[in-house]
Amino acid sequence: MKIINFIINPHLVFENDENSFIVINKSINQRIKTTQKFYKFLKKINTLNTFTIPNLKSSYNLSDSVIRYLLNYLFIIPHGNEIFARGFHIFPENFNKNRKKLLGDILYATSPYNVIIGLQIDTFKDTYLSTRTSPNEIRAQLNKFDNLSYFDIGNILYFPHSETLADLGERVYFITKILIEKRHFPIFLGGDHSLTYYTANALLREVEELGIIHFDAHHDLYQDINSLNPLNHANVFYHLAEDSRIKSITQIGVRTPTPLYRNEKITTFDIAQCNVDIIRNTIKKLSKTIKYYISFDIDVVDPKFAPDVVAPIPNGLLPERCFELLKLIVEELPVIGMDMVEVCQSQEKMNKTSFLAAQLIQKVMQYKVKALF
């Protein structure tokens, strides 16, 4: 992988007496009892300024299992940003431990995998509905499928009262960097659609150019609907379209009025144009020299099948058509990641929509394996 500089976590505190050796990580209030040998080793490398993993391994003759342990328990963290001292991700209650992977596990994986990552972003300011719990609800439904090959690294850490979304974006980037370099297939669970700005930009730091396939009932191209919240779920594709590194945006299933904003890189198929043959012709003409990302807003589906969304619009796509189009896209294009967004917790707390979201992800995983792995 590309060189990443690491430092010893600055929040480590060392305590020992004659019988015990304790390392405390004050950033997460964690106490770990260690052996005397490991305790002395940590104190020794605590004097280092910056280092790379290869340097650390060669200088101290460390095994991969020790390096994984150092990464997984935040003894060493990426250099350059305090946000990493608090960790990268968190595992919710009732998490499927058989799917659980930590940073070191992903870094040292020897084969490519589908990898689930939750982003609990919610920029809605005008509704009582929330998408923050959606990643946990979708993964609960995914766990019902026993024929899928994937790992889950939990939800990306984010402290909205003390951090900015840019901090979240840096964590997303670091995780994404490792996933792409190890040829894993990241699947981001939202959260609202603003998360696509951060996931797409994380990918763009690695692949330089990107095309986006955007499933949505809404075009999300409003230029500024909320000056207090300049980046949000309703304008995320306006911001992405303005980025020269985004080479194409193909929108499928839109059934809202045509936006005032125009950009030649955007092709929009409204609901009346969602014929598989028509879309196939467009997909086939897209450049195969760049990578593609699928951004799937669940409200593209007809509300009869996906009722738990913030802004439902009647006469949407049937699930079967979505399955068919996803198969076409994954088989025709070099897709390197996807997101599933805008599932929300309704008053009835129904799981119908989150189950459909899980089914759609399941299909992409299966098509992806057939197409590339």
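Our structure is the block above this text.
Residues numbered from 1 in each chain as written. Predicted model: local features only at pLDDT ≥ 70, side-chain atom pairs only at ≥ 80, totals over all residues. Heavy atoms only, no water.

Asker: Looking at this model, I keep getting lost on the packing of aromatic side chains. Mind explaining?
Answerer: The tally for this structure, following the rule as stated, stands at 17 aromatic pairs. Their ring planes at 40 degrees and their centres at 6.0 Å tell us that F38 and F41 sit as a pair that is tilted. Of the two residues, F38 and F41 both sit in helix α1 (residues 36-45), 3 residues apart, roughly one turn of that helix. The pair F38 / F41 is uniform in exposure class, with both members buried. Sitting over the ring of F151, K101 keeps its end group 4.5 Å from the ring centre. A cation over an aromatic ring shows up here: R205 above the ring of Y173, its NZ or CZ 3.9 Å from the ring centre. (Phe/Tyr/Trp six-rings, centres within 6.5 Å; stacked < 30°, edge-to-face > 60°. Helix = DSSP H or I, 4+ residues; strand = E, 2+ residues; numbered from the N terminus. Buried < 20%, exposed > 50% of the residue type's maximum accessible area, 1.4 Å probe, protein only. Lys NZ or Arg CZ within 6 Å of the ring centre and 35° of its normal.)

Asker: For this particular structure, what's the right way to read the pairing of strand β3 (residues 21-25)?
Answerer: β3 sits mainly inside the fold: 5 of its 5 residues count as buried. Neither face of β3 is exposed, since F21, V23 and N25 on one face and I22 and I24 on the opposite face are all buried. Pairing between strand β2 (residues 12-16) and β3: 5 bridges, direction antiparallel. Following the sheet pairing, E15 is matched in β3 by I22. Between β2 and β3, which pair antiparallel and follow one another directly, the connecting turn spans 4 residues. In this structure, β3 lies alongside strand β4 (residues 30-33), joined through 4 bridges in antiparallel fashion. (Pairing = 2+ DSSP bridges.)

Asker: Help me out: how do you make sense of helix α5 (residues 134-142) in this one?
Answerer: The set of residues buried in α5 consists of S134, P135, I138, R139, Q141 and L142. Taken end-on, α5 shows its buried residues confined to a sector of 155 degrees, consistent with a single buried face. (Arc of directions from axis to C-beta.)

Asker: Can you walk me through the sheet that holds β3 in this structure?
Answerer: Backbone hydrogen bonds hold the strands of a sheet together, and the pairing may be parallel or antiparallel. What the 3 strands build is an open sheet, ordered β2-β3-β4; its pairing is antiparallel. Looking along the sheet, the strands with just one partner apiece sit at the ends: β2 and β4. Going across the sheet, the axis of each strand differs from the next one's by a mean of 20 degrees, ignoring polarity. (Axes fitted to C-alpha atoms, helices over the stretch in contact; angles between N-to-C directions.)

Asker: Please clarify how the environment of P230 should be interpreted in this entry.
Answerer: The residue P230 is located in the loop between β10 (210-215) and α8 (236-241) in this model. Counting along the chain gives 17 residues from P230 to K247, while the straight-line C-alpha distance between them is 23 Å. Every residue in contact with P230, bar those within four places of it in the chain, is listed here: N235 and H239. (Contact = heavy atoms within 4.5 Å.)

Asker: What should I look at first to understand the nonpolar core in this one?
Answerer: Soluble globular proteins tend to bury their nonpolar side chains together. Membership of the largest hydrophobic core comes to 71 residues, with the highest contact counts inside it found for L42, L70, L71 and I76. Counting residues per element, this core draws most heavily on helix α6 (residues 165-181), which supplies 9 residues. Leave out the neighbours within four places in its chain, and I76 touches F6, I7, I8, N9, I45, F51, L56, L70 and L71. With 48 residues, the next largest nonpolar core counts L189, L286, L356 and I361 among its residues. (Core = buried A, V, L, I, M, F, W, Y, C linked by side-chain atoms within 4.5 Å.)

Asker: In this structure, what is going on with unusual backbone geometry? I would like to understand it.
Answerer: A cis amide bond links G190 to the next residue, G191, at an omega of 15 degrees. Residue placement: G191 occurs in the loop between β9 (185-189) and α7 (195-207). Unusually for a residue other than glycine, N315 sits at a positive phi of about 65 degrees. Here N315 lies in the loop between β13 (291-297) and α10 (319-332). The class for N315 is exposed, based on a relative accessible area of 59%.

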